[in-house]
Amino acid sequence: MGKILVTGGCGYIGSHTIIDLIENGFSTICIDNNSRSTTVLLSGIQEITGVKVKNYKVDLCNFDETYAVFQENTDIEGIIHFAAYKAVGESVGQPLMYFENNLFSLINILKCAVEFKIPHFIFSSSCTVYGSPDTIPVTETSKTKSAESPYGATKQMGEEIVKNITNAGDLKSILLRYFNPVGAHPSSLIGELPLGKPQNLVPAITQTAIGKIKELTVHGNDYPTRDGSCIRDYIHVCDIAHAHTLALQYLIENKSQQKCEVFNLGTGDGVSVLEAIRAFEKVSGKKFNYKIGPRRSGDVMAIYADNVLAKEKLSWHHKYSLDEMMDTAWKWELKIHKDATLHSNSNFQLN
Ligand code: UD1
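What counts, and at which threshold
Note on numbering: residues in each chain are counted from 1, in written sequence order. In view of the model being predicted, local features appear only for residues whose pLDDT reaches at least 70, and side-chain atom pairs are presented and counted only at 80 or more, with totals across whole chains, interfaces and linings using the full set of residues. Computation of side-chain values: all heavy atoms of the structure, hydrogens and water removed. Starting at the N terminus, helices and strands are each numbered in turn, a helix being any DSSP run of H or I of at least four residues and a strand any DSSP run of E of at least two. When we talk radius of gyration, it's over C-alpha atoms, and the globule rule is simply 2.2 Å times the number of residues to the 0.38. Burial classes follow relative accessibility: with a 1.4 Å probe on protein chains only, a residue under 20% of its type's maximum area counts as buried, one over 50% as exposed, and anything between as partly exposed. By the convention used here, residues are in contact when the closest approach between their heavy atoms is within 4.5 Å. Residue-level accessible areas treat just the shown protein chains as cover; the underlying method is Shrake-Rupley with a 1.4 Å probe. The charge count treats Lys and Arg as positive and Asp and Glu as negative. His and the chain ends do not count. By convention, the point assigned to a charge is CZ for Arg, NZ for Lys, CD for Glu and CG for Asp. A helix is expected to reach a length of 1.5 Å times the quantity of its residues less one. Salt bridge, as applied in this entry: a Lys or Arg side-chain nitrogen positioned within 4 Å of an Asp or Glu carboxyl oxygen.

## Observations regarding the overall build of the protein
Counting secondary structure elements, the protein contains 12 helices and 13 strands. Its C-alpha atoms give the protein a radius of gyration of 19 Å, near enough to 20 Å, the size a compact globule of 351 residues would have. By principal-axis analysis of the C-alpha atoms, the protein measures approximately 55 × 45 × 40 Å. Looking at the protein residue by residue over its 351 residues, the buried ones come to 56%. Counted over contacts in the protein with a minimum sequence separation of 6, partners at least 24 positions apart contribute 80%. With the model as given, the accessible surface of the protein reaches about 15000 Å², and the carbon-plus-sulfur share is 50%. Averaging the positions of the 34 positive and the 38 negative side-chain charges in the protein gives two centres separated by 3 Å.

This is the structure in structure tokens:
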């Protein structure tokens, strides 16, 4: 079996996916320029699996350097492309930077995939492509809406680019639409290392509970939902990671009927912000301060996944409950707090 190239493998979902791939017999290499990550999670991967994964510190926007990785590794059998900027708010302020980084890197990696005849490609997409849905749960055929942010636009355009390249040649691809990935590896050796003040709910909860953030703001409690706060589909990062292994096996075993297939990755359960806070308080035994603030612009009221397709075609089933998501996220936060190396990495600022 050839190697699997994971781009963005030093990041949150990429690192958990590398572990799942290794545990399922794949050998992996990584490309990550560490502009928003460090190699600290690769050390965690080595501790968990006993395998040292090679990282090429290459900017995928540099075609020649990306090409050189493929020249050196002629046995790449599949690519999982995570590398991208992902901060919604930042993308609104710096749209060009998002389009340039997320799209040039994707185009370069696809050019190499075509030139080196790599058969299998998996693209990290997001439920953000659905925008504010007319009906929930959303299925893969639900209408995609105009993107709420430049970040969201790069995911929509990315999907189109992958689809078009796939349809024009020999490449087979899968687009995985993640809902809200949270939690950490149960070993507490790897997890999310947010840059600066976290914008996402679960790291904001754990950082408030540990005292890094003084008070959590709940962005709105006047939505027409069961408790007034927004509803999302939180899914454990290890469940997301395993779906990549299954998607790859599905492509390798030639089970896909179409050249490019799309799968939602969510639990199928909608959870409100206030319910998520209560689940955290229950498993951690910590009460913490939160206040109700105004709505956050760009937030959709409610979204969760119809995940039947991933269950039926990929035989994917999520294993972790909401309590386990919160428990692993909390244990990881405690570990960051204790470990000076992780602590400094979790706080490093954007360039
Ligand atoms: C969004 C995108 C997702 C993307 C992610 C990247 C949608 C539907 N989802 O997730 O595709 O990958 O950004 O960052 O577009 N909240 C608070 N207080 C906080 C933080 C969050 O109340 O301090 C609330 C938010 O208002 C929201 C929920 O928690 O209702 C989840 O927010 P967040 O974790 O930021 O994820 P999304 O915005 O759903």
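## Observations concerning helix 1 (residues 12-23)
With 12 residues, helix 1 extends 17 Å from end C-alpha to end C-alpha; this agrees with the ideal 16 Å at 1.5 Å per step. Within helix 1, 11 of the 12 residues are buried, which leaves it mostly tucked inside the rest of the structure. Regarding helix 1, the residues found buried are Tyr 12, Ile 13, Gly 14, Ser 15, His 16, Thr 17, Ile 18, Ile 19, Asp 20, Leu 21 and Ile 22. Following helix 1 by one or two positions, Gly 25 has its phi on the positive side, about 90 degrees.

## Points about the pattern of salt bridges
Following the criterion strictly, the structure yields 17 salt bridges and no others. Between Glu 159 and Arg 177 there is a salt bridge, and its shortest N-O distance comes to 2.7 Å. Separated by 18 residues along the polypeptide, Glu 159 in helix 6 (residues 150-168) and Arg 177 in strand 6 (residues 172-178) bring together distant segments of the chain. Given a relative accessible area of 3%, Glu 159 falls into the buried group. Taking the shortest distance from any N to any O, the salt bridge between Arg 226 and Glu 275 comes out at 2.7 Å. Separated by 49 residues along the polypeptide, Arg 226 in the loop between strand 8 (216-219) and strand 9 (231-232) and Glu 275 in helix 9 (residues 273-284) bring together distant segments of the chain. The class for Arg 226 is exposed, based on a relative accessible area of 55%. According to the relative accessible area criterion, Glu 275 is partly exposed, its value standing at 22%. Residues joined in a network through salt bridges with shared partners are Arg 232, Arg 296 and Asp 299.

## A few points about unusual backbone geometry
Following Ile 136, the chain continues to Pro 137 via a peptide bond in cis, the omega torsion being 0 degrees. Looking at where Pro 137 falls in the secondary structure, it is placed in the loop between strand 5 (120-126) and helix 6. Backbone geometry at Asn 34 places phi at a positive 55 degrees, although glycine is not the residue there. On the secondary structure map, Asn 34 appears in the loop between strand 2 (27-31) and helix 2 (40-49).

## Concerning the environment of Ile 235
With respect to the element layout, Ile 235 can be found in strand 10 (residues 234-236). Here the alpha-carbon distance between Ile 235 and Asp 75, two residues 160 residues apart in the chain, equals 33 Å. Non-local contacts of Ile 235, meaning those with residues more than four positions away in its chain, are made with Phe 179, Asn 180, Pro 181, Val 182, Ile 240, Leu 265, Gly 266, Thr 267, Trp 316, His 318 and Met 325.

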